[in-house]
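Fold and geometry: a report
Below, each chain spelled out in residue letters.
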Amino acid sequence: MEFLKFLKSKLFLKNLLYAIGGFWIFILLIFGGLNVYTHHGEALLVPDFTGLTIPEVEKLVQKKKLQYKIIDSVFIYDRKKGSVIEQNPIPSSKVKRNRTIFFIINANSPMEVPMPKVVGYSLRQAVAELESKGLRIGKLIYVNDFAQNYVLEQKYDGLPIEAGEMIDKGSYIDLVLGKGLRNYTVIVPDVRNLNRYAALQKLIINSLNLGTIKYDNSVLTYNDSVTAIVWKQSPQAIGETRRILGSEVNLWLTKDSVLIAETDSLVNLKRN
């Protein structure tokens, strides 16, 4: 009876309320502490590190309270040595403080490869041989010669280069080719809806040179420029537009999804 009487007393009820309140305060303190410890709900936007050197990267990761790690290196001829080529997570991703950002950087010194002999090769054979050695096609220079689209001379930096000479991997090689006994023309291919590299390959195989490249405001980073799509070209590939061998084709590229969708529709309509 005394125990039941105690359970109904104001003193018990008061102590019970204190206990319940204390329990919830304890729970709130625990979860509050965990939130502070794990930075719950706090997100940082990953900066765009592409093009930055390692000293510049170190300053920025310290400022943004991030970490970084270099996982690989490549060599791209026309990129700044020692700069970031790719990053993961990508720019503008949301991450927590102290997240590690992984980088692929451009090597300070490229690997050298022996220059192959492509004199006497057809254009297609020369392109395949040079690319198999990690070299790239520069300009197609056409001269009067009956050997149409056969390589008469191979050049590097405007000067002839002999087979076997060591050259930086990724270098551009200009090819001097015969244009035949008269001014042959080729049909301008449609390179819309292709990225820069694919468009260049298609132009070269069709005996044409890449002219100027113009990027719109949607192309913000180097990675954007690599994946951007051709949405306009000049001259246009209307009907059987023809140009003499070695002519230039100018390209406009974009990352704008609306323009890309419109271009895709136009290209598909043309094919059908």
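Let me begin by describing the structure that accompanies this report. Predicted, not measured: the structure shown is a model, and the values here were computed from it.

What follows deals with the layout of surface pockets. The gaps left among the atoms become clear once a water-sized probe is rolled over them. The volume enclosed by the largest pocket comes to roughly 760 Å³. For the largest pocket, the lining is made up of 28 residues, of which Arg136, Tyr172, Arg196, Tyr197 and Leu200 are closest to its centre. Secondary-structure elements contributing two or more residues to the lining of the largest pocket are strand E3 (84-88), strand E7 (136-148), helix H5 (196-205), strand E13 (209-215) and helix H6 (222-227). Of the residues contributing to the lining of the largest pocket, the split by class is 16 nonpolar, 5 polar and 7 charged.

We now examine the pairing of strand E16 (residues 248-254). Of the strand pairs in this sheet, E13 and E16 are connected by 5 bridges, and their pairing is parallel. Within the sheet, the bridge partner assigned to Asn209 lies in E16 and is Glu248. Of the pairings in the sheet, the one linking strand E14 (residues 229-234) to E16 comprises 5 bridges and is antiparallel in character. Among the inter-strand pairings, Ser234 is bridged to a residue of E16, identified as Asn250.

Using the criterion set out here, one finds 3 salt bridges in the structure. The closest approach of N and O atoms between Glu248 and Lys139, which form a salt bridge, is 2.9 Å. Taken together, the positions of Glu248 in strand E16 and Lys139 in strand E7 put the pair 109 residues apart, joining distant regions of the chain. A relative accessible area of 44% means that Glu248 is categorised as partly exposed.

Moving on to the sheet that holds E7. Pairing within the open sheet is mixed, and its 4 strands lie in the order E7-E11-E8-E9. One side of each edge strand has no neighbouring strand; the edge strands of this open sheet are E7 and strand E9 (159-160). Set on the sheet, helix H4 (residues 123-132) makes contact with E7, strand E8 (151-156) and strand E11 (172-178); between it and E11 the angle comes to about 165°.

Once that is clear, we can look at the environment of Leu251. With respect to the helices, strands and loops of the structure, Leu251 is situated in strand E16. Distance from Leu251 to Arg196, taken between C-alpha atoms, is 8.6 Å for residues 55 residues apart in sequence. Beyond its immediate stretch of four places on either side in the chain, Leu251 contacts Val191, Ala199, Leu210, Thr212, Ile213, Lys214, Val230, Lys232 and Gln233.

Another point: helix H3 (residues 54-64). Among the residues of H3, those classed as buried are Ile54, Val57, Leu60 and Val61. All buried residues of H3 lie within an arc of 120° about the axis, which places them on one face of the element. Seen from the buried face of H3, the exposed residues on the opposite side, beyond 90 degrees, are Pro55, Lys59, Gln62 and Lys63. Those residues of H3 that are buried are in contact with strand E2 (67-74), E3 and strand E5 (100-106). Backbone geometry just after H3 places Lys65 at a positive phi near 60°.

Turning next to the side chain of Asp224. Mapped onto the fold, Asp224 is located in helix H6. Although Asp224 is buried, it forms no salt bridge, and the closest oppositely charged side chain is Lys255 at an N-O distance of 4.6 Å. Within polar-contact distance, the side chain of Asp224 engages the backbone nitrogen of Leu220 at 3.0 Å. Other than its neighbours up to four places away in sequence, Asp224 contacts Ser218, Val219 and Lys255.

Further remarks concern the sheet that holds E5. Read from one edge to the other, the open sheet built from 3 strands follows the order E2-E5-E3, with strand pairing classed as mixed. Two strands in the sheet have a free side with no partner beyond their single neighbour: E2 and E3. Across the sheet, the mean angle separating the axes of adjacent strands is 25° when strand polarity is ignored. Relative to E5, E3 runs antiparallel, the two being bridged by 4 bridges. Bridging from a neighbouring strand, Gln87 pairs with Phe103 of E5. Sitting on the sheet, H3 is in contact with E2, E3 and E5, with an inclination near 155° to E2.

Once that is clear, we can look at the side chain of Thr263. Turning to its location among the elements, Thr263 is positioned in helix H7 (residues 257-271). Thr263 gets classed as buried once you look at its relative accessible area, which sits at 3%. Separated by 2.8 Å, the side chain of Thr263 and the backbone oxygen of Leu259 make a polar contact. Ignoring any residue separated from it by four or fewer positions in sequence, one finds Thr263 in contact with Arg192, Asn193, Val230 and Trp231.

Now for the nonpolar core. Across soluble globular proteins, nonpolar side chains have a tendency to be buried as a group. By size, the foremost hydrophobic cluster in this structure holds 33 residues, and its most contacted members are Leu123, Leu130, Leu140, Leu175 and Leu251. For this core, the elements supplying multiple residues, two or more each, are H4, E7, E11, H5 and E16. Those residues in contact with Leu175, other than ones at most four positions away along the chain, are Val118, Leu123, Ala126, Leu130, Ile137, Lys139, Leu140, Ile141, Val151 and Glu153. By size, the runner-up hydrophobic cluster in this structure holds 12 residues, among which are Val46, Phe49, Leu66 and Val84.

Reading guide: rules and limits
Residues numbered from 1 in each chain as written. Predicted model: local features only at pLDDT ≥ 70, side-chain atom pairs only at ≥ 80, totals over all residues. Heavy atoms only, no water. 1 Å grid on protein atoms, 1.4 Å probe; cavity = no way out; pocket = protein on both sides within 12 Å on 5 of 7 lines; lining within 4 Å. Points joined across faces, edges and corners; volume = space filled by probe spheres on them. Helix = DSSP H or I, 4+ residues; strand = E, 2+ residues; numbered from the N terminus. Nonpolar A, V, L, I, M, F, W, Y, C, P; charged D, E, K, R; others polar. Pairing = 2+ DSSP bridges. Salt bridge = Lys/Arg side-chain N within 4 Å of Asp/Glu carboxyl O. Buried < 20%, exposed > 50% of the residue type's maximum accessible area, 1.4 Å probe, protein only. Contact = heavy atoms within 4.5 Å. Axes fitted to C-alpha atoms, helices over the stretch in contact; angles between N-to-C directions. Arc of directions from axis to C-beta. Lys, Arg positive; Asp, Glu negative; His and termini not counted. Polar contact = N/O pair within 3.5 Å; in protein donor to acceptor, adjacent residues only side chain to side chain. Core = buried A, V, L, I, M, F, W, Y, C linked by side-chain atoms within 4.5 Å.

Spatial relationships are all this shows, so hold off on functional conclusions.
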